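# Coordinate analysis (summary)
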Amino acid sequence: MNPDRPRRVVPLAGNRRGLPDDLTGMGLLDCAACREELSAELDGEGDPALRYAVAAHLTGCPACTHWREQAAVVTRLTRTGPAEAGPDLVARVLPAAPRPSRRRAAARLALAAVGVVQILLGVAALVGLIGHGDGSAMLGGADMAHMGHETAAWNLALGAAFLAGAWWTRHLAGLLPVLGVFIVALAVLSGLDLAAGRVEPDRVASHGVLLVGFVLAVAVARGRARHDPGPAPRAVRTPDDAVVVDTPPAETGRPVPPRRNGLGPVARERRRGREVA
Amino acid sequence: MDDAVITAAALAARDGDRAAAARFVELTQQQVWRLLAHLADRGSAADLAQETYERAFGALRRYRAESPARTWLLAIARHVAADHLRRRARRPVAPAPVADADEPVGVVRSGDVAEGIALRLAVDALTADRREAFVLTQLLGLGYAEAAEVLGCPVGTIRSRVARARADLVDALEQPSAGEAATREP
């Protein structure tokens, strides 16, 4: 009995046919509503707000009193009956269990390798460039040496991004826009530069590492999405498995009403205990 | 049975952990089998349970743990039973398979055994709606809210179906002799 529970004023006519609108007057339950409540009480799911109405009905209704005894007998019989045991199915069904995805593991490994190569490229460029500035050709407030430093820092960062993404695949999807824009812009500019002879083909070829890394990152991120799509509001009915979880009942189309949690935890504990016993 | 453990096993199985998949089956197979034995029939329950797990494993990558894995699995089992009954209804009538546990009609048993058999027959004779609600809450020990989730209906519906199932059972078992109740349903 939960004294804090607000007294419910029966908006539930659909679920409680036969229940009178006014519960404040006692003894106004009809036999059907009374028996439904008695049944729920046997399962520890009774409605405390109806307790007095039920008691009042029982004092004036020997038939329901008798029914309660009979229902208790049936309930006891059900629960104390021997639990029939089915066969052990583990060996039979295990072949159908999902297998770890080898391709995804390989993609992650390759992504990590690309990350390492990219970091090495960045470090090599950095080491080769340090201290070589001559202050001659200035561009946007920096000489070529500084532009080289910036580029090397970017290469280093992208290598770290690949490596980290291979390890923490959860964060990989967030990196894809950055990597994608960088690679598309770089590809377009490299093409123009190559056509105008402003860059050696070897230099452009080294960008291929970035492209490979991006493709692998997309593959790993998509595999992850398939494995763990994260929270979603509802499971949906799909034609092949026809699993429905938590959708509104088909027959009424009405949304599922809020759970009656008044006695939930206690009733559930009791039930668990019974099940174990 | 611990829902959290079952759900954790299901999630690990989804990511390819075979040991977790085996644990998931071990922890749930008795309930699945019992539900199917009552919703379909005992003779087919093992095959249907196998089909349930195969479907469940196939659907596992879309499982997002928004409801406990046990509830999710029992909902699949219920669909499997419904499909089985539909398939069987389309086929020409074959004699019902006699399971080992079936008692020959007319054999007089005494005490709890007879009561238990009479009860089982009475449960089998319930209408499908009432039997589902009764089996889930009484024989599998689910709470009303859990049963509502499995069946995809409001909790109030479970409440009234369980009560009506009880009323039917009270009527069936109040017959003067359990044998009479037993012979009504071949």
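Conventions used here
Residues numbered from 1 in each chain as written. Chains lettered and ligands numbered in written order. Predicted model: local features only at pLDDT ≥ 70, side-chain atom pairs only at ≥ 80, totals over all residues. Helix = DSSP H or I, 4+ residues; strand = E, 2+ residues; numbered from the N terminus. Buried ≥ 20, exposed ≤ 12 C-beta atoms within 10 Å, placed from the backbone. Contact = placed C-beta atoms within 7 Å. Core = buried A, V, L, I, M, F, W, Y, C linked by C-beta atoms within 7 Å. Expected span 1.5 Å × (residues − 1). pLDDT = per-residue confidence, 0-100. Axes fitted to C-alpha atoms, helices over the stretch in contact; angles between N-to-C directions. Parallel < 35°, antiparallel > 145°, perpendicular 65-115°, else oblique. Nonpolar A, V, L, I, M, F, W, Y, C, P; charged D, E, K, R; others polar.

This brings us to the overall build of chain B. A tally of regular secondary structure across chain B gives 9 helices and 0 strands. For chain B, the succession of helices and strands along the chain, N to C, is α-α-α-α-α-α-α-α-α. The 186 residues of chain B split such that 49% are buried. Of the contacts formed within chain B by residues at least 6 apart in sequence, a portion of 66% connects residues at least 24 apart.

Take the overall build of chain A next. Looking only at helices and strands, chain A features 10 helices and 2 strands. Order of helices (α) and strands (β) in chain A, N terminus to C terminus: α-α-α-α-α-β-β-α-α-α-α-α. Residues classed as buried in chain A amount to 21% of the 277 residues present. Sequence separation of 24 or more characterises 66% of the internal contacts of chain A that already satisfy a separation of 6 or more.

Core analysis: the largest hydrophobic core is formed by 74 residues, its most contacted members being Leu36, Ala77 and Ala147 of chain B. With residues near it in sequence (within four places) discarded, Leu36 of chain B still touches Ala45, Leu48, Ala49, Ala77 and Ala81 of chain B. In terms of nonpolar packing, the next biggest core, distinct from the first, is built from 15 residues, Ala107, Phe214, Leu216 and Ala217 of chain A among them.

So, on to helix α6 (residues 144–167) of chain A. Helix length check: α6 of chain A (24 residues) gives 35 Å between terminal C-alpha atoms against 34 Å at 1.5 Å per residue, within 8%. Those residues of α6 of chain A that sit buried are Ala152, Asn155, Leu158, Gly159, Ala161, Phe162, Gly165 and Ala166 of chain A.

As for its position among the elements, Leu94 of chain A is in the loop between α4 (90–93) and α5 (102–129). Leaving out residues up to four positions away in the same chain, Leu94 of chain A has contacts with Arg18, Ala21 and Ala22 of chain B.

Residues and elements named next belong to chain B. The share of residues in chain B with pLDDT of 70 or more is 82%, and the mean pLDDT across the chain is 84. This model gives residues 177–186 a pLDDT under 50, and the stretch forms 20 contacts once residues within four places in sequence are excluded. Across the whole predicted complex the pTM is 0.59, and at the interface the ipTM reaches 0.79.

Next up on the list: unusual backbone geometry. A positive phi angle is found at Ala65 of chain B, which is not glycine, with a value near 60 degrees. Relative to the helices and strands, Ala65 of chain B resides in the loop between α3 (42–59) and α4 (69–90).

To continue, consider the confidence of the model for chain A. All names here are of chain A. Chain-level pLDDT for chain A is 74 on average; 66% of the residues reach the 70-or-more range. Here helix α10 (residues 264–276) stands out as the least confident element of chain A, with mean pLDDT 47; helix α1 (residues 31–42) is the most confident, with 93. Confidence over residues 1–27 falls short of pLDDT 50; this stretch has 34 contacts with residues more than four positions distant or in other chains. pLDDT under 50 marks residues 227–273. Its contacts with residues more than four places away, or in other chains, come to 60 contacts.

Time to look at helix α7 (residues 144–151) of chain B. All names here are of chain B. Counted residue by residue, α7 has 7 buried out of 8 residues, so it is predominantly covered. Turning to α7, its buried residues are Tyr144, Glu146, Ala147, Ala148, Glu149, Val150 and Leu151. Where α7 is buried, its residues contact α4, α6 (128–139) and α8 (155–173). The first or second residue beyond α7 is Gly152, which carries a positive phi of 65 degrees.

A word on the packing of α7 of chain B against α8 of chain B. All names here are of chain B. Two numbers describe how α7 lies on α8: the axes approach to 8 Å, and their chain directions differ by 105 degrees. Looking at the two axes, α7 sits roughly perpendicular to α8. Contacts from Tyr144, Ala145, Ala147 and Ala148 in α7 reach Val155, Ile158 and Arg159 in α8. Its residues assigned to classes, the contact of α7 with α8 shows 6 nonpolar, no polar and 1 charged.

Looking now at the packing of helix α3 (residues 62–80) of chain A against α8 of chain B. Interaxial distance between α3 of chain A and α8 of chain B falls to 9 Å at its minimum, and their mutual angle equals 90 degrees. Taken as axis vectors, α3 of chain A and α8 of chain B run roughly perpendicular relative to one another. Judged by residue contacts, Trp67, Gln70, Ala71 and Val74 of chain A of α3 of chain A engage Arg166, Leu169, Val170 and Leu173 of chain B from α8 of chain B. Its residues placed into classes, the contact of α3 of chain A with α8 of chain B shows 6 nonpolar, 1 polar and 1 charged.

The next subject is the environment of Leu42 of chain A. With respect to the helices, strands and loops of the structure, Leu42 of chain A is situated in helix α1. Beyond its immediate stretch of four places on either side in the chain, Leu42 of chain A contacts Ala71, Ala72 and Thr75 of chain A.

Here we take up the environment of Asp30 of chain A. Along the chain, Asp30 of chain A turns up in the segment before α1. Considered as a pair, Asp30 of chain A and Val54 of chain A are 24 residues apart in the sequence and their alpha carbons are 9.4 Å apart.

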